[in-house]
Amino acid sequence: MSIVVSGIRPTGNLHLGNYFGAMRNFVKMQNTDQCFFFIADYHSLTTHPTPQDLHGNVKSILVDYLAAGLDPEKSTLYLQSDVPEVLELYLFLNMNAYLGELERCTSFKDKARKQPDNVNAGLLTYPTLMAADIILHRAHKVPVGKDQEQHLEMTRTFANRFNRMYNVNYFPEPVAYNFGEELVKIPGLDGSTKMGKSEGEGNAIFLGDSPESIRKKIMRAVTDSGPVEPNQPKPQPIENIFTLMKVLSAPETYEHFNNLYNNCQIRYGDMKKQLAEDVICFNEPFRQRILELEKNDEYISKVVKMGAEKARESAAKTIREVREIVGFKRFF
Ligand code: TYM
């Protein structure tokens, strides 16, 4: 049995990218592995240091997690900030993480470009906190989307470096995991290559979106005037809606529209209508569960309390052992 850890930032609801990139895997893995899934609320401060409603954001991601099928009896579902042990491990890892490697991290460079007035130390050390999240439970597998690949590479570097520096074989090497397949990247509706919560209105479809909102977003998705020659490669925005269709519609539906594209007979309006209905059909059970769970604060707090206790037990053991390895001994 492997130990599995993964998380998500509470900066918006779960969208189809989160679901197909990560959540779908969590839900499968909880049946066979020892799983820890958490909400990275400390991490969200690196981009939103003064959140308007952090608690509300965390609650809506919790609801989405549960609606997507995470079972708190099978896996440990918790908030990062309920397990302060992670901060101690973060500190230990920061002592052995070098400025150059942190500055070279692509997500740091991207964020520094996007928020030039707030290039804070938390942003720079985002990968060490993420590594701490993962190795805190001595994880083997980390179900994530393709955008997290480099963070996982850095996690391995930090875990191996710790082992080497203290001459132990304590932390396993965690890998980004998607059942032996390529990591997934779900594209956005605005023609960009990634569906994301901070990419602007209309880019992402959320699991809780209503049918009307889904229809509206998909009908507005970026397309062009259509191919003029048969069997041409698809421009990025067109590739995007085909990718979404491949993931969400029946294989025959995809084939049908792909053939129309290759014969220059495609009508994007028809394709989008079909895609919208397929997405609505996929989303509906999630949306219903979200509406139910939102009303059940008592259940949510029970889940969070249980998760915090289980996660702290595992975290405290690691911290005890790490302190010993580094050389902290108690005088009293
Ligand atoms: P976050 O909150 O941006 O995204 C959560 C998960 O969803 C995946 N994802 C996608 N997958 C495919 N296509 C997309 N368009 C797409 N958009 C998002 C992400 O890859 C991720 O798996 N740094 C993490 C949070 C984190 C974490 C961790 C993850 C903090 N500590 C420890 C794993 C282990 C993040 O920002 O994910």
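Since the structure is predicted, the reported quantities are computational estimates derived from the model, not experimental observations. The numbers attached to residues start from 1 for each chain and follow its sequence in the written order. The model is predicted, so local features are restricted to residues of pLDDT at least 70 and side-chain atom pairs to those at 80 or more, both for listing and for counting; the totals for chains, interfaces and linings are taken over all residues. Just so you know, side-chain values use all the structure's heavy atoms and leave hydrogens and water out.

*Asks:* I'd like a description of the packing of helix α4 (residues 85–95) against helix α8 (residues 126–135), backed by residues and values.
*Replies:* Axis angles are defined between N-to-C directions and span 0 to 180 degrees, where every axis is a line fitted to C-alpha atoms and, for a helix, only to the segment in contact. Going along the chain from the N terminus, every DSSP run of H or I of four or more residues is numbered as a helix, and every run of E of two or more is numbered as a strand. Close contact between α4 and α8 brings their axes to 8 Å; oriented N to C, the two are set at 125°. The angle between α4 and α8 falls in the class oblique. As for the relative orientation of α4 and α8, their crossing is right-handed in sense. Between α4 and α8, the residues in contact are Val86, Leu87, Leu89, Tyr90, Leu93 and Asn94 and Thr128, Leu129, Ala131, Ala132, Asp133 and Ile135, respectively. Its residues assigned to classes, the contact of α4 with α8 shows nine nonpolar, two polar and one charged. Angle categories are assigned with fixed cut-offs, so that under 35 degrees is roughly parallel, over 145 is roughly antiparallel, 65 to 115 is roughly perpendicular, and the rest are oblique. Rotating anticlockwise by less than a right angle from the far helix to the near helix defines a left-handed crossing, while the corresponding clockwise rotation defines a right-handed one. Contacts between residues were defined by any pair of non-hydrogen atoms, one from each residue, lying within 4.5 Å. As a working rule, the residues Ala, Val, Leu, Ile, Met, Phe, Trp, Tyr, Cys and Pro are called nonpolar, Asp, Glu, Lys and Arg charged, and the rest polar, with Gly in that last group.

*Asks:* How would you explain the domain arrangement of the protein chain if you had to name every residue and give the values?
*Replies:* Under the domain assignment, the protein chain is made up of domain 1 (3–184 + 297–326) and domain 2 (197–291). Placing a centre on the C-alpha atoms of domain 1 and another on those of domain 2 gives a separation of 31 Å. Contacts between the two partners involve 15 residues from domain 1 and, on the opposite side, 13 residues from domain 2. Values labelled buried area give the accessible surface lost by two parts on being combined, using a 1.4 Å probe and summing over both. Of the roughly 1300 Å² buried between domain 1 and domain 2, counting both surfaces, carbon and sulfur atoms make up 69%. For domain 1, the biggest contributors to the area lost against domain 2 are His15, Leu16 and Ala67; these three give 42% of the whole. Basic side-chain nitrogens of Lys or Arg form a salt bridge, by our definition, when they fall within 4 Å of a carboxyl oxygen of Asp or Glu. One can count zero salt bridges joining domain 1 with domain 2. Marked domain ranges trace back to an automatic or database domain assignment.

*Asks:* Lay out the packing of aromatic side chains in plain terms, naming residues and giving numbers.
*Replies:* The description of an aromatic ring pair uses the distance of the two centres, along with the angle that the planes make with each other. Pairs were defined over the aromatic rings of Phe, Tyr and Trp, the Trp ring being its six-membered one, requiring ring centres within 6.5 Å. Orientation was assigned from the angle between planes: stacked under 30 degrees, edge-to-face over 60, tilted for the rest. Following the criterion strictly, the structure yields 15 aromatic pairs and no others. Centroid distance phenylalanine 26 to tyrosine 65: 6.0 Å. Interplanar angle 70°. Geometry classified as edge-to-face. Remark: tyrosine 65 occurs in helix α3 (residues 54–67) and phenylalanine 26 occurs in helix α1 (residues 16–29); sequence separation between them is 39 residues. Only protein chains enter the area calculation, which uses a 1.4 Å probe; residues under 20% of their type maximum are buried, those over 50% are exposed, and those in between are partly exposed. For tyrosine 65, a relative accessible area of 0% translates into the label buried. Lysine NZ or arginine CZ positioned within 6 Å of the ring centre and within 35 degrees of the ring normal marks a charge as sitting over the ring. The ring of tyrosine 177 carries lysine 141 above its face, with NZ or CZ at 4.5 Å from the centroid. A cation over an aromatic ring shows up here: lysine 234 above the ring of phenylalanine 242, its NZ or CZ 4.5 Å from the ring centre.

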